[in-house]
Amino acid sequence: MSIVPKETIEVIAQSIGITNLSPDVLPAIASDVEYRVREIMQEAIKCMRHSRRTTLTAVDVDSALGLRNVEPVYGFASGDPLRFKRAAGHKDLFYIEDKDVEFKEVIEAPLPKAPLDTEVVAHWLAIEGVQPAIPENPPPEVLAVPSDNGKTAYKEDGIPVDIKLPVKHVLSRELQLYFEKITELTVSRSDSALFKEALVSLATDSGIHPLVPYFTFFVADEVSRNLNKFSLLFALMRLVWSLLQNPHIHIEPYLHQLMPSVMTCLVAKRLGNKFSDNHWDLRNFTANLVASICKRFGHVYHNLQPRVTRTLLHAFLDPSKALPQHYGAIQGLATLGPNVVRLLVLPNLDPYLRLLEPEMQLEKQKNEVKRHEAWLVYGAVQLACACMIV
Amino acid sequence: MDEEEVEKAVLAYLKKKGFKQTELALQEEQQSRNKINSPSTDPDIAKHILASSDAENVPAQYQEGYSKLRSWAYSSLDLYKHELLRVLYPVFIHCFMDLVAKGHIQEARAFFNRFREDHEMMHSRDLQKLEGVLSPSHLEEMEFARSLRQSKVSVKICQYSYDLLIQYLHKTQSITMLGIVNERINFQVSPGQPSSISDDADVFTLVGSGHDAADLVNQKEIHWGLLEDSLEERLEKAGDRITDSDKADGEVKDGDLEENKKRSADGGKGGSTQKKLKKDKVVATTGKASRSESSTTSGAPRVKPELTLPIIPTEVEHSILEDLRNRVQLSSMTLPSISFYTFINTHNGLNCASISHDGSLVAGGFSDSSLKVWDMAKLGQQTGNTPSQGENELAPNENILNANAKGRSYTLFRGHSGPVYSTTFSPYGDFLLSSSSDSTIRLWSTKLNANLVCYKGHNYPVWDVQFSPVGHYFASASHDRTARIWSMDRIQPLRIMAGHLSDVDCVQWHANCNYVATGSSDRTVRLWDVQSGECVRIFIGHRSMILCLAMSPDGRYMASGDEDGKIMMWDLASGRCVSPLVGHSSCVWSLSFSCEGSLLASGSADSTVKIWDVTKSLKVSKTEENKNGKTNRLRSLKTLPTKSTPVYALQFSRRNLLFAAGALTKIA
């Protein structure tokens, strides 16, 4: 009934030579031992507090014993907290490691260095309330965190403004299930008929707006992690496409999170397996997706299309980029309309073709795949120019 | 129930318990009584006896009774729920203690562990204490348990809740619970609506003297005003003016009074200010008490000192006046600069630190009984980056650094024979007091670098010692549950303040020196009249040991910090908590008010210094007292984290520069 087992008392009694201890005495002593130990520990905690510490040390227990006029426990004097080790195989059994030391070793060992003497150093923790960024102060990142949490902000006139804390987003159980289902389908069964239905649902369902931030995060996360899984990427782009089609959701605030993933699927160096997967299709699809985004939200975000075209042009004009990247860039630019092609592609066409030509010729480019790629790029350029003429 | 049944029950009980003699005696008496035809017995008592006759089931009764009461309370209407829940805790601990007292140790343990979680949040410290009680003798021995069992707990409750409770107890016939409620709880039934949840904190205390006594004590009159004719007061207004105009056009020398007069003439009060200033000059040089009657700037009433105050040397007065004139005005918009003194290589040995009023001296008390004093002005010369401003001309001269032969940067004071728990500098930095586990207090001279006096009086470790704001007198707090007042020239204490129920952990003087506040492990703060030695206020509200106290410079408020990181601001006059300041996550080691009382700085074991807005806190709590929880947030102005350095000491200099000290700890 006490946390000190009777057996312990028995063993201790035997160790000091009392063998004829009656069994009735054991529990009484055990419970009293527990009471005393608790009492001593409470005193020890007081001593710890007055030593301005938050870790209990053997010294504190000694001082507590001293307060009761009890002889201290010898052999544990150390300023540092004791280091307990977990006994192997037990979850809640700890011990203090106590190594055997050879006398000879101790005696022969050179004297350890004298510990450094206590010093006081001064620095500015704050100057008129602002913490200077000096090595003595915590690094600015650490400083920034608490001030972000600081729930008050003072306006110029000194009236405190209560900044609202981040609101916990509550999703209904149904929505959670829906989200889980969709993501699972996207990841694992994107070729099933069910996925098609899911896409239709995404494009039409009016109640899924609360899930938009989760979907954007999901897409961004999956794209960045799975650049070599072609089918997944394609599924993700189709998911984005469906979301964009949905007239009931308000996706603008999340576009900035979505665009990087989409652009990745357009101009990334490798999308899925180079040989087996038809990444050209994905690039075509994504190009259309980008175009539709630009068309739909271009008037809301004036810098959306310029930024997209800048990225694409950058990919297009960089000769060090791989041919599939060029392809994606050209496709993307072409889908953005004849004006873009005229302004951005045509002026660069001449030097580009000069660059592309050797890649397409049998004698100069021995690699079959590379040559094929070059031809595809050539086709894309032709198409782009064709849409100009039409 | 008729009489025969009762008798049968009694007999059965006696048989079971084996009280043969009593049984016989009873039977005899019965027979003789039968002839006289005894009066009828109260059926309730009979029931009670009947119930207790099956002694086997006592523990079960407690367990079941409490558990039913608990589920009833939890499922009651929200309106009354929190009031009814209040009753649970006293019932819980008394059930436990009754079980222990009756010897059902095992069951008591089980009972305790089963329900302790309900009360863990509010009463974890009490539970820790009670957890160790394992035999009836422990109940006798442990002071806490004894005082619980001897006194009744008062619980504030509204009429409806009270009726509900009584009705429930009657209806369910849970005699055990009714017995406990009847025996141990003193209901303060208030008519009308249930009280709001927010004032739960001070609804009851289990400590012996409880609220009634505290209320009684708190009705005594106290004069919290400032001392007449304090230096601050003399210069407060004039000083403010000067600093203002200083800002406007740099230096205003005494010779420029004419110009100053012109400028301040617009202000209206200008003329009187000048007059006052001149007067102050006179006062300062003669050191005579002649105060201009015109103003009490801080709005605090003035009181006469009850102690004979020491005379301040003229040059000291000059330097203080100089400091006051150069004081920076702090407010929520202008936060202080903080100079941090970090102790390095302390090997976990630093127990306390204190900083002199001008920040030029730093003392550290160590667990190896040593006391070390650093002269920061000197360190500054070496390192070139100390922020000491040379505020005080009294800083020790060159010729005293004798102990530094071995290249030590500090002066070592040896004399104590146990860990040093507290140190304090006299207001002018020329004396240093230290208190130690060897139950003595020692007075050291920082000029002579020598021990002057050893004050013996306490019987146990002295946890804290504090110089009075005027010097000469000091107060100490000890494990022997007393606080004592001393003067430097006597080796015996002048007053002994006894009354705390546990260690007195910290002590602090009121700004007018007529009162001393003490914080204790019994989780109360008390205010004592120095002259009479009487306790004049008891502040109840903390839930753990109180570690530090600070008095506002206008004498109206007091702040106290506890082990859980909670700071409470108290109104001395009413004895009530004005506002709890929540934010620290660990022990608050130190508190300090800025000189004009607008800011409160707190230093904690969570390695932060927090700056709190006092004026706003007070205003807010006055206007919307009821919305406690929501307004809390507004009061913390700034959190300044240190680099894994718990903050041991804080000190606002007279110029409102904040000094802080702490020991760098290795992150394990």
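Being a predicted model, the structure only gives us computed values, none of them experimental. (Residues numbered from 1 in each chain as written. Chains lettered and ligands numbered in written order. Predicted model: local features only at pLDDT ≥ 70, side-chain atom pairs only at ≥ 80, totals over all residues. Heavy atoms only, no water.)

Considering the overall build of chain B
Argument step 1. What chain B contains, in helices and strands, is 18 helices and 31 strands.
Argument step 2. Per-residue burial over chain B gives 56% buried out of 668 residues.
Argument step 3. Within chain B, residue pairs in contact and separated by at least 24 positions form 58% of the contacts whose partners lie at least 6 positions apart.
Argument step 4. Looking at chain B as shown, the accessible area adds up to about 28,800 Å², and 50% of this sits on carbon and sulfur atoms. (Helix = DSSP H or I, 4+ residues; strand = E, 2+ residues; numbered from the N terminus. Buried < 20%, exposed > 50% of the residue type's maximum accessible area, 1.4 Å probe, protein only. Contact = heavy atoms within 4.5 Å. Areas by Shrake-Rupley, 256 points an atom, 1.4 Å probe, with all protein chains shown as cover.)

Points about the overall build of chain A
Argument step 1. Tallying secondary structure elements over chain A gives 15 helices and five strands in all.
Argument step 2. Buried residues in chain A amount to 37% of all 390 residues.
Argument step 3. Partitioning the intrachain contacts of chain A with sequence separation of at least 6 by distance along the chain shows that 58% fall at a separation of at least 24.

Side note on the interface of chain A and chain B
It is common to give the size of an interface as the accessible area lost on bringing the parts into contact.
Argument step 1. The interface of chain A with chain B comprises 55 residues on the first partner and 72 residues on the second.
Argument step 2. A combined buried area of about 5,600 Å² lies between chain A and chain B, and 57% of that area is made up of carbon and sulfur atoms.
Argument step 3. Among the residues chain A hides against chain B, the three largest losses belong to His 50, Arg 52 and Val 120 of chain A. Together they make up 14% of the total.
Argument step 4. Where chain A touches chain B, the interface holds five salt bridges.
Argument step 5. Across the pair Glu 141 of chain B and Arg 36 of chain A runs a salt bridge, and its minimum N-O distance is 2.5 Å.
Argument step 6. For the interface between chain A and chain B, the tally reads 25 residue pairs in polar contact (both at pLDDT 80 or more).
Argument step 7. Where the side of chain A that touches chain B is concerned, the elements lending two or more residues are helix H2 (25-50), strand E3 (119-126), helix H5 (140-149), strand E4 (152-154) and strand E5 (160-162) of chain A.
Argument step 8. Ranked by the residues each element gives to the side of chain A that touches chain B, the list is headed by H2 of chain A, at 13 residues.
Argument step 9. Here the side of chain A that touches chain B is composed, by residue class, of 23 nonpolar, 14 polar and 18 charged.
Argument step 10. Where E3 of chain A lies against strand E5 (residues 338-344) of chain B, seven bridges are found, and the strand directions are antiparallel. Its bridge partner being in E5 of chain B, Val 121 of chain A is matched across the sheet by Thr 342 of chain B. (Buried area = accessible area lost by both parts, 1.4 Å probe. Salt bridge = Lys/Arg side-chain N within 4 Å of Asp/Glu carboxyl O. Polar contact = N/O pair within 3.5 Å; in protein donor to acceptor, adjacent residues only side chain to side chain. Nonpolar A, V, L, I, M, F, W, Y, C, P; charged D, E, K, R; others polar. Pairing = 2+ DSSP bridges.)

A short note on the packing of helix H6 (residues 173-188) of chain A against helix H9 (residues 230-245) of chain A
All names here are of chain A.
Argument step 1. The contact between H6 and H9 brings their axes to 8 Å, and the two run at 140°. The angle between the axes of H6 and H9 places the two elements in the oblique class. Together, Ile 182, Thr 186 and Val 187 of H6 and Leu 232, Ala 235, Leu 236 and Leu 239 of H9 make up the contact between the two elements. (Axes fitted to C-alpha atoms, helices over the stretch in contact; angles between N-to-C directions. Parallel < 35°, antiparallel > 145°, perpendicular 65-115°, else oblique.)

Concerning a nonpolar patch on the surface
Argument step 1. Taken together, the side chains of Val 73, Phe 76, Leu 82, Phe 84, Phe 94 and Ile 96 of chain A present a nonpolar region at the surface, about 530 Å² in accessible area.
Argument step 2. Positionally, Leu 82 of chain A belongs in the loop between helix H3 (58-67) and strand E1 (84-86). (Patch = residues over 30% accessible without salt bridge, like charges linked within 9 Å, V, L, I, M, F, W, Y side chains within 5 Å.)

Things to note about the nonpolar core
Argument step 1. Core analysis: the biggest nonpolar cluster contains 75 residues, and Leu 202 and Leu 239 of chain A have the highest contact counts within it.
Argument step 2. A total of eleven residues in this core trace back to one element, the largest contributor, which is H9 of chain A.
Argument step 3. Once you skip the residues sitting within four places of it in the chain, Leu 202 of chain A turns out to touch Tyr 178, Ile 182, Ile 208, Phe 215, Leu 239, Ser 242, Leu 243 and Asn 246 of chain A.
Argument step 4. Counting residues in hydrophobic clusters, the runner-up holds 46 residues, among them Leu 127, Leu 139, Leu 165 and Tyr 168 of chain B. (Core = buried A, V, L, I, M, F, W, Y, C linked by side-chain atoms within 4.5 Å.)

Description of the UniProt feature "repeat: WD" (unreviewed entry) in chain B
Argument step 1. Cross-referencing UniProt, the feature "repeat: WD" (unreviewed entry) maps to residues 343-376, 413-445, 455-496, 497-538, 539-580 and 581-622 of chain B in the present numbering.
Argument step 2. The distance separating the terminal C-alpha atoms of residues 413-445 of chain B is 10 Å; by composition the span is 0% helix and 58% strand. (UniProt positions renumbered as here; feature names shortened; annotations may be inferred.)

Overview of the sheet that holds strand E25 (residues 576-582) of chain B
Residues and elements named next belong to chain B.
Argument step 1. Read from one edge of the open sheet, four strands run E22-E23-E24-E25, paired in antiparallel fashion. Since the sheet does not close on itself, it has two edges, and those belong to strand E22 (546-551) and E25, each with one partner. Looking at each pair of strands side by side, their axes are set apart by 20° on average, direction ignored.
Argument step 2. Across six bridges, the pairing between strand E24 (residues 566-571) and E25 is antiparallel. From the neighbouring strand, Met 568 faces E25, where its bridge partner is Pro 580.

Re the packing of aromatic side chains
Centre-to-centre distance and the angle between the planes together describe a pair of aromatic rings.
Residues and elements named next belong to chain B.
Argument step 1. Here the structure, examined in full by the defined rule, presents 28 aromatic pairs over all chains.
Argument step 2. Look at Tyr 455 and Phe 474: their rings are 4.9 Å apart centre to centre, the planes differ by 65°, and that puts the pair in the edge-to-face class. One end of the pair, Tyr 455, is in strand E13 (residues 450-456); the other, Phe 474, is in strand E15 (residues 473-478), and 19 residues separate them in sequence.
Argument step 3. For Tyr 455, a relative accessible area of 0% corresponds to the buried category.
Argument step 4. Phe 474 sits in the buried class, given a relative accessible area of 0%.
Argument step 5. Consider the rings of Phe 539 and Trp 570, whose centres lie 5.2 Å apart with planes at 55°: the pair is tilted. (Phe/Tyr/Trp six-rings, centres within 6.5 Å; stacked < 30°, edge-to-face > 60°.)

Here we look at the sheet that holds E3 of chain A
Argument step 1. Read across the open sheet, the four strands follow the order E3(A)-E5(B)-E31(B)-E30(B); overall the sheet is mixed. One side of each edge strand has no neighbouring strand; the edge strands of this open sheet are E3 of chain A together with strand E30 (647-652) of chain B. Each strand axis lies, on average, 20° off the axis of its neighbour in the sheet, ignoring direction.
Argument step 2. Inspection of the sheet shows E30 of chain B paired to strand E31 (residues 658-663) of chain B by five bridges, in the antiparallel sense. Looking at the pairing, Leu 650 of chain B lines up with Ala 660 of chain B of E31 of chain B.

Details of the pattern of salt bridges
Argument step 1. Tallied over the entire structure, the rule returns 28 salt bridges over all chains.
Argument step 2. A salt bridge links Lys 220 of chain B to Glu 534 of chain B; the shortest N-O distance between them is 3.4 Å. Here Glu 534 of chain B lies in the loop between strand E20 (524-529) and strand E21 (535-540) and Lys 220 of chain B lies in the loop between helix H11 (210-218) and strand E3 (226-227), a separation of 314 residues in the sequence.
Argument step 3. A salt bridge links Asp 323 of chain B to Arg 655 of chain B; its shortest N-O distance comes to 2.8 Å. With Asp 323 of chain B in helix H15 (residues 314-325) and Arg 655 of chain B in the loop between E30 and E31, this residue pair connects regions lying 332 residues apart in the sequence. The pair Asp 323 of chain B / Arg 655 of chain B is uniform in exposure class, with both members buried.
Argument step 4. One continuous salt-bridge network, built from bridges that share partners, spans Glu 34 and Arg 38 of chain A together with Arg 109, Arg 116, Glu 120 and Glu 131 of chain B.

Here we look at the environment of Ser 201 of chain A
All names here are of chain A.
Argument step 1. Considering the arrangement of structural elements, one finds Ser 201 in helix H7 (residues 193-204).
Argument step 2. As a C-alpha pair, Ser 201 and Ile 182 span 19 residues in sequence and 9.9 Å in three-dimensional space.
Argument step 3. If sequence neighbours within four positions are ignored, Ser 201 has contacts with Tyr 178 and Asn 246.

Digging into unusual backbone geometry
Residue and element names in this part refer to chain B.
Argument step 1. Despite not being glycine, Asn 348 shows a phi value in the positive range, around 65°.
Argument step 2. Within the element layout of this structure, Asn 348 appears in the loop between E5 and strand E6 (350-355).
Argument step 3. Here Ser 607, not a glycine, exhibits a phi torsion of approximately 60°, which is positive.
Argument step 4. Mapping Ser 607 onto the fold places it in the loop between strand E27 (599-604) and strand E28 (608-613).

Details of the environment of Arg 114 of chain B
All names here are of chain B.
Argument step 1. Along the chain, Arg 114 falls in helix H6 (residues 105-131).
Argument step 2. Taking relative accessible area as the criterion, Arg 114 reaches 47% and is therefore assigned partly exposed.
Argument step 3. Expressed as a C-alpha distance, the spacing of Arg 114 and Gln 63, which sit 51 residues apart in the sequence, is 9.4 Å.
Argument step 4. Excluding residues that lie within four positions of it along the chain, Arg 114 makes contacts with Gln 63 and Ser 67.

With respect to the confidence of the model for chain B
All names here are of chain B.
Argument step 1. When pLDDT is averaged along chain B, the result is 77; 74% of the residues meet or exceed 70.
Argument step 2. A low-confidence stretch, residues 242-297 (pLDDT under 50), is modelled with 62 contacts involving residues beyond four sequence positions or located in other chains.
Argument step 3. Our summary of model confidence lists the complex with pTM equal to 0.63 and ipTM equal to 0.73. (pLDDT = per-residue confidence, 0-100.)

Digging into the pairing of strand E12 (residues 440-445) of chain B
Residues and elements named next belong to chain B.
Argument step 1. Where burial is concerned, most of E12 is hidden: six out of the six residues are buried.
Argument step 2. By the alternation rule, side chains of E12 split into Thr 440, Arg 442 and Trp 444 and Ile 441, Leu 443 and Ser 445, which are all buried.
Argument step 3. As paired strands, strand E11 (residues 431-436) and E12 are joined by five bridges and run antiparallel to one another. Among the inter-strand pairings, Leu 432 is bridged to a residue of E12, identified as Trp 444.
Argument step 4. With six bridges joining them, E12 and E13 adopt antiparallel strand pairing.

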